[in-house]
Every structure is written in C-alpha cells, then in structure tokens.
Amino acid sequence: MSESFEPTQCRVALLSGGTSGEREISLASGKGALNALIEAGFQVTPLDPAVKDDLKALIDGDFDVAFLCLHGRKGEDGAIQGFLEMIDLPYIGSNVWSSALAIDKVKAKMFYEVAGIPTPQSITLKKGESFDVEEIIGTVGDRCVIKPATEGSSLGVFIVEGRQEIESALKEVFSYDTLALVETYVKGTELTVVVIGNDNPRALPIIEIVPKSDSYDFESKYAPGGSEHICPARLSDTVTAEIQELAERAHKALECSGVSRSDFILDEEGTSWILETNTIPGMTGTSLLPDAARAAGMSFPELCTFLIQCALEKD
C-alpha cells in the first residue's frame, strides 16, 4: 500500500440502502462506514442505488472510488459491481464474478470442495419441482439446516428436524428464493473469520459468536445484545492457525479481493466446517468486521482506508 496516500484528496461515493431484503441493515452499515470515512478524512457523498437520481449522480459525479455497504441482491451479487465497472469507477471488495459466486451458496460450496475446505453435506432443491423428504433425510440427516441459496443476514434460515418441519421450512424458504440449500446440521462453536487484502490476503483474529438464542439468526446478528462476540476466539494456537488458513483459502478459491468474511462451525470432534463467505460484511454497530479489525489493532477508520487503497490498487 502507498504510504503517500492522502484520504483528504479522495472523493468517495458511499453506497447503501438498495432494494434487497437487507435494505435496513445496509443503511445501518452505511451510517457506520460514513462516520469512519469522515473521521479518516475522506470527502464522502452518501448515495442510495434504489434512487435513480443517485445512480445518475454516480455517472455524472467526479468520484475516485465507491465504498459499498450494500447487502444481498443487487448489491452483493455482482449487479452494482457491473454497473460501476461500466462507468469505470473503482469500488471496494470483490469483482462481478467473485461477488456472484460467493452469494450463491450452492456454487460456492463446489469451490470450497475443490479447494479442500470441509463443508457440510447438502442437497439443492428447486422451487416448483417435486422432492422426496425421505431422500433428503437419507442424504443430509434428520436434523438439518434449510436456507435460501442467495440470501444473506440469516434471512429465511431454518434449523429443523423431521419430515413435518422440513416440509414447512421449505415452503418458507421458497418464498425467499427459487433454490433451497439443505445441509446437514453441524453442532459446535460458531466462528467467523475476516480476511483482508488482494494478492496476499491475511486473516484477522477469529471471532467466536455466542448467540443468546439457539442459533446465530437475524435477531442475534443485529439486535443489541443479541449475541456475544469473543475475539480472539477461545481456541488453541494450532486450531486458530488452521481455521485462519482455511478462511484465506476460501478467499482465494472464490477470488475475493479487499475483504471477505467466512463463517465456520467447529464441531465437537475438532473439524472446521465452512458455511458461507460474505464479500461485503456488515459495518453496523454490532457487526463482526469492525470487531475483528479492532482485535488486530486496526481502527474502523484505518480499516476503511485500507479497503479503499485495495480498491485503487486493483483498478
């Protein structure tokens, strides 16, 4: 990174809001990032891609970089990234292909498997097509996790057991997405690992998540006091290094850049299972990305500055 980089000379378009089911979380992320960017000295203009005049402002404006705080569809799936590339505006985070790949949990699992990263056994179901619950149970087990293939923030995620609960959860999931991912339920410690950088990415300290409810659901993620974040996680040095290496491997397998955050379950036998990778982690007051950065000795303004430097470096 350039030591001569001067934030006060950099004009930032801060994008948050959008039209996905995670709009409110995105707006909260944008508010958190706005304060950090201003503290770092950047010239910041907040814009909402859901507003056509704001999209026009991106085209007509004289910006140096776009700072993305968009979550879910049309924000984290490569759509806005493609738009920004068309207007030749650098942006933080992963490119079109990597963004589209990472948000698709079904396809991302294929890349995890090729990279040798353990991921729970799963089956994919399509809306409108018939399915056999006994076949599902035979493949992933009686207790399983059912989730939309391309949603984030734990929207539409169900931990279920037995035929009746599986059938009911699938109906709910198909209201979010046309594809449902059904995975074997893995009991263990919930962990998340932030990785930052482009060509030589590095993992930040691991965060252990202790949800107040039975699982790390939407409420646990975003409600104040919904979960406890322990960073660094209560792991041995050996296990810590192993999981950080897996997270870096996932970052590279999906060809992420700038930042990613991969979620894991460490089971009772000591195996680490990757669940998913987020290419635009949350930046709210309860988010994991700022927590990990602080544990690494990096303030939120310093992290935002680093991500912008990564964006300009890859341009």
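Residues numbered from 1 in each chain as written. Predicted model: local features only at pLDDT ≥ 70, side-chain atom pairs only at ≥ 80, totals over all residues. Heavy atoms only, no water.

Draft legend 1. Up close: helix H7 (residues 163-173). Taken residue by residue, H7 has Ile166, Ala169, Leu170 and Val173 as its buried positions. One side of H7 carries all its buried residues, which in axial view fall inside an arc of 105°. Turned more than 90 degrees away from the buried face of H7, the exposed residues are Gln164 and Lys171. Those residues of H7 hidden inside the fold are in contact with strand E4 (122-126), helix H6 (133-140), strand E5 (143-148), strand E6 (158-161) and strand E7 (179-184). (Buried < 20%, exposed > 50% of the residue type's maximum accessible area, 1.4 Å probe, protein only. Helix = DSSP H or I, 4+ residues; strand = E, 2+ residues; numbered from the N terminus. Arc of directions from axis to C-beta. Contact = heavy atoms within 4.5 Å.)

Draft legend 2. Representation of the packing of H6 against H7. Following both chains from N to C, one finds H6 and H7 inclined at 100°, their axes separated by 10 Å at the closest point. For the element pair H6 / H7, the angle class is roughly perpendicular. For the pair formed by H6 and H7, the contact residues are Val133, Glu134, Ile136 and Ile137 on the first element and Arg163, Ile166, Glu167 and Leu170 on the second. Taken together, the residues of the contact of H6 with H7 break down into five nonpolar, no polar and three charged. (Axes fitted to C-alpha atoms, helices over the stretch in contact; angles between N-to-C directions. Parallel < 35°, antiparallel > 145°, perpendicular 65-115°, else oblique. Nonpolar A, V, L, I, M, F, W, Y, C, P; charged D, E, K, R; others polar.)

Draft legend 3. Geometry of the sheet that holds E4. Spatially, the four strands line up as an open sheet ordered E4-E7-E5-E6, and their pairing is antiparallel. Each edge of the open sheet is held by one strand with a lone partner, namely E4 and E6. Pairs of neighbouring strands in the sheet enclose a mean axial angle of 25°, with direction left out of account. Examined bridge by bridge, E5 and E7 share five bridges and lie antiparallel to one another. By the bridge assignment for E7, valine 145 is matched with glutamate 183. In the packing of helix H5 (residues 105-114) onto the sheet, the strands contacted are E4, E5 and E7, and the crossing angle to E7 comes to about 45°. (Pairing = 2+ DSSP bridges.)

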